[in-house]
Amino acid sequence: MNDDREDGFDEQPSRYVIGIDLGTTNCAVAYWDTLQSSRIENFPIEQWVDFGTLEKRDLLPSFLYEPLPEEGKTLAGNGSARTRSSQSLRIVGSLARDRGLQLPGRQISSAKSWLCHDGVDRRSPILPWQADEGIEQISPVEASALCLAQIRSAWEKAHPAYPLSEQDIVLTLPASFDQVARQLTIEAAAIAGLSRVLPIEEPQAAFYAWLARHADNWEELVRPGQTILVCDIGGGTTDFTLIRVREASNTVVNAQLAETLDEKTRRKLSLHRVAVGQHLILGGDNIDLALAKFAEQKLFANQPSTQGRTEPEKTLPPRGWDALRQACRVAKETLLGQHPPEVYTIHLPGSGSRLIGGGHQIEISRDEVRACVLDGFFPHCGLNDRPLLALSGFREFGLPYARDPAMTRHLSAFLWDHRRDGRTDDEASLSNLAAARPDWVLFNGGVMTSVQLCQRITSVVGSWFAGQEGIPEDWQPQLLDGESLDLAVARGATYFGQVRRGAGVEIEAKLACAYYIQTANNPPLAVCIVPGSASPGERFNLSEQPMELSVGQPVQFPIVYSTTRLSDRVGQCVTIDDEHFAVLPPMRTVIEMSGSRKKAALPVYVEVELSQIGTLQIYCHASAGEQRWKLEFDVRGSTQTDHTSLEATANHAGILDEQAAHVAREALIEVFGAQRTLAPSQLMPILADRLSLRRGDWPPSLLRAMWAALIELQAGRGQSAEHESRWLNLLGYTLRPGFGLAADDWRVAETWRTVYGKLAFASASSRNESLILWRRIAGGFTAGQQLTVYQQVAGPLRHVLDPAKRGKGGFAISPHDLVELLRLVASLELLAKSEKTQLGDWLVSLLTVKKWAACRDTTLWAIGRIGSRVPTYGPLNSVVDVEPVAAWLRKLTSGSDELPSSALSLALMLCARRVNDRYRDLPSDVRRLVIDRLEQLKASPAAIALVREGGQLDGEVANQVLGEALPLGLKLLG
């Protein structure tokens, strides 16, 4: 978006104001016709409800389904959508939800949850997460766009003279969505052709719906000083929000302007959103998973166990599990409804698997569901109880669900942590208990349509305060009666559109989240750039905190935020800790002036604007001059696996003084400079001696400084093949693993431009060292670069690996060459899964070929890297599917005893490691085979535990996985 217009509400007002609730489970739409009346109407959305049947319904289920070819002929036309990248037909809505019960591999659900998942590339085609063969996958952004496109199609069919793209739209988002998730949602709306979009937080929209319903008497229902808790639990997220009620005379926190207000104004009330909770991927989806797990255990309760063995419980295959999970969603809604039956029968269809045969029926009682859901997700707890940090085990679909599923514990922490937020001077004397107590609760979200769940939360909150400090023994918070929970958010969003047009009651919604720029590493310090009291449209100038911007080389602006430190002032310096701060993708840039790449230091200061759509715009302004650079969040980088923890660890490893970098640079000049005084073979021992540090102890900061010097001296590699070989080797060593420090993506790109296709010598040493270079920095490559590297070596490699070409000549490869090729291709985690699967099949076959017996260690290592259940640096969608890896493991566990035991143990562990994700975990019988084989091999107890129970790799094993030690201070994820 440009700087001058942040949303369509600044354009000529449209006839309609439309509120869209883009939900995890359901979407809803409401609207206000400005030419008719102030009344808000629901908009029924036309959709397929059966083959050949289109109907208008209040809710559009947020499910997408790719029809079978014969089904597509019936559904083509109205009510279907196509992706931007192909002609694949997809339907959205009721039929997509229901048909997915039978064919889950053709269905996409929970796209909204994927939008905020930083462990995958949210712009890559990854959904359905486990697609049936032949199904085209699309990105979470595009899946969200197709839901909005379905709404647009239905609207324009009903209002052809008033296209949705020309109307003012208020789009709802979870209050706890971070900057990246918000930006991706706006991007999805743009893909759907909706540009006049203003976001609003869902809890706020829910409260606006209450205001719309009580427009005439809301000030009679609430009193000054009261606190309203909005408890919003939807299909995929949980959001808590606090709203304070004040007299108009107290809109200034210290009330210093009260004396200037007349009596009528003093009596009027104002509403202030003062706090929002941290982002929780926790909601109805998790409840469905828990019920499905319970039902699955009932299904196998009578199955005989394996005597004398500790074996994980039997589980359904992924397709059967998908069907059971979907059925449990219906069971949940039925048994937690207002008039539930005593027993609900789940009909599980057959899939041809021996596990579920021709289908099964599972009976779940009302009491079992209450125990599973109420005790698991809404347990009784104390106000001092806090969410557990241990993993909950609910990581289906690869989504990073909240570690503790107990929503009441998350709520207790939220109320206590924000008890003082937004309090006026008059309320400063309140005790901590009184400050934490909410007076009203407004429930919202699909989960809270259950009266039983509302009653449990109300009861638990009441137990925290009843009978204390003079509060009655039977005290409970009062409930605000809201709209239909399925429609409230869309209606509230529409009402907010009315408020933006000057009609209605506005909630004063401060940011409720403070933002900071990190300025130091040891200790980690940051400066507040936007306070929690900020409002949309405000600007902040940090000219009193001058900074120095490096021109001609990469710089970064690490951004952290806090939802608890809301009283920090702009310019205030704070110490960053894990408890109060979360990290956003750092802003990174390389600034070049007047076409020159000359390095220089430019004094600058930072300006920040909080836009109307809730995003930060940060500018770097020259202290002396008019130059100004807009800094953008690196959304591209943030949609990859999050390497933030690596950056922090690398920086904390220490930064040597500039003299060390100078010493290293001088040694490099002596080898690669114009006046050569050292031979390439002398370089490494000379560096270790002059730096007084062994090579393995060089910290990342020194390594990257050496990389910069090597790039400057790159012409010196042309002196001889020996020079080029040493230059390439050291270049990769100083940049490994291609990520981990700020601007490594830029360094990798510079390396690629400098080296790829530009070797000075056609020697074997230069060629081999270039392969080692690419392998060392593969983690920083794009998928396209990895594919290019793979294609470069695929020809000779296939003449060894492919049984159909093996031994037929054409390429002469030595065992040493093969080792380097295998280490390289196994490090390319972003290759297509089909390519990696083929490689794995060939590698397993190669183990039986005596000619290449000398390469078996590396072959097993490559199998382990390719089949690993946890990627080293890639997104989760890069993991090879379970079926081919299971086939490899069956062969490896029954193979020859001639295989090297250490390498075999590593490969078995990596491929069978338990991760508690049904779509990545191997079947229990295969894991049992692996455990038996590891025990025979006398593998370490830690390796066996990783297969049996899961866990984290230790440092030694992590280095084995990478193939060499990482720079001091860097560690592998997972």
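Residues numbered from 1 in each chain as written. Predicted model: local features only at pLDDT ≥ 70, side-chain atom pairs only at ≥ 80, totals over all residues. Heavy atoms only, no water.

A.B. asks: It is not clear to me how the overall build of the protein should be interpreted in this structure. Could you clarify?
C.D. replies: In terms of regular secondary structure, the protein is built from 32 helices and 32 strands. Within the protein, residue pairs in contact and separated by at least 24 positions form 70% of the contacts whose partners lie at least 6 positions apart. Entry remark: accessible area of the protein is about 39200 Å², with carbon and sulfur atoms responsible for 48%. (Helix = DSSP H or I, 4+ residues; strand = E, 2+ residues; numbered from the N terminus. Contact = heavy atoms within 4.5 Å. Areas by Shrake-Rupley, 256 points an atom, 1.4 Å probe, with all protein chains shown as cover.)

A.B. asks: Got a minute to help me understand the sheet that holds strand β26 (residues 559-562) in this structure?
C.D. replies: Adjacent strands of a sheet form backbone hydrogen bonds with each other and so pair up, either parallel or antiparallel. Strand order in the open sheet made by the five strands is β27-β22-β21-β26-β28, with antiparallel pairing throughout. With partners counted over all chains shown, the strands left at the sheet margins are β27 (573-575) and β28 (582-583), one partner each. One ladder, built from three bridges, connects strand β22 (residues 525-530) with β27; its direction is antiparallel. Note on β27: the bridge partner recorded for A526 is V574. (Pairing = 2+ DSSP bridges.)

A.B. asks: What is the right way to read helix α14 (residues 451-465) from this model?
C.D. replies: Quick reminder: α-helices carry 3.6 residues per turn. Residues three or four places apart thus point the same way. For α14, which comprises 15 residues, the first-to-last C-alpha distance of 22 Å matches the rise-based estimate of 21 Å (1.5 Å per residue) to within 8%. Of all 15 residues in α14, 11 are buried, a share of seventy percent or more. One or two positions beyond α14, positive phi appears at G467, with a value near 80°. (Expected span 1.5 Å × (residues − 1). Buried < 20%, exposed > 50% of the residue type's maximum accessible area, 1.4 Å probe, protein only.)

A.B. asks: So what exactly am I meant to see when it comes to the pairing of strand β5 (residues 53-57) here?
C.D. replies: The two faces of a sheet get side chains in turn, since along a regular strand they alternate between them. Bridge analysis of strand β4 (residues 45-50) against β5 gives five bridges, and the strand direction is antiparallel. Across the sheet, residue E46 finds its bridge partner in β5, namely K56. The hairpin formed by β4 and β5 contains two residues between the paired strands, and G52 there has a positive phi angle of roughly 85°.

A.B. asks: Hey, could you run me through the confidence of the model for the protein in this one?
C.D. replies: Should the pLDDT be low somewhere, the predicted coordinates at that spot are not to be read in detail. In the predicted model, the protein carries a mean pLDDT of 84, and 86% of its residues have values of at least 70. No element of the protein has a lower mean pLDDT than helix α8 (residues 263-267), at 41, and none a higher one than strand β1 (residues 16-22), at 97. Low pLDDT, under 50, characterises residues 250-267; the stretch is placed with 23 contacts to residues that sit more than four places away or in other chains. A low-confidence stretch, residues 635-655 (pLDDT under 50), is modelled with 63 contacts involving residues beyond four sequence positions or located in other chains. (pLDDT = per-residue confidence, 0-100.)

A.B. asks: Explain the sheet that holds strand β15 (residues 269-276) here, please?
C.D. replies: An order of β19-β18-β13-β14-β15-β20 is seen for the six strands of this open sheet, with the pairing classed as mixed. The strands lining the two open edges of the sheet, one partner per strand, are β19 (478-479) and β20 (507-509). Looking at chain direction, strand β18 (residues 440-444) and β19 are connected through two bridges and run parallel. If you follow V441 over to β19, its bridge partner there is L479.

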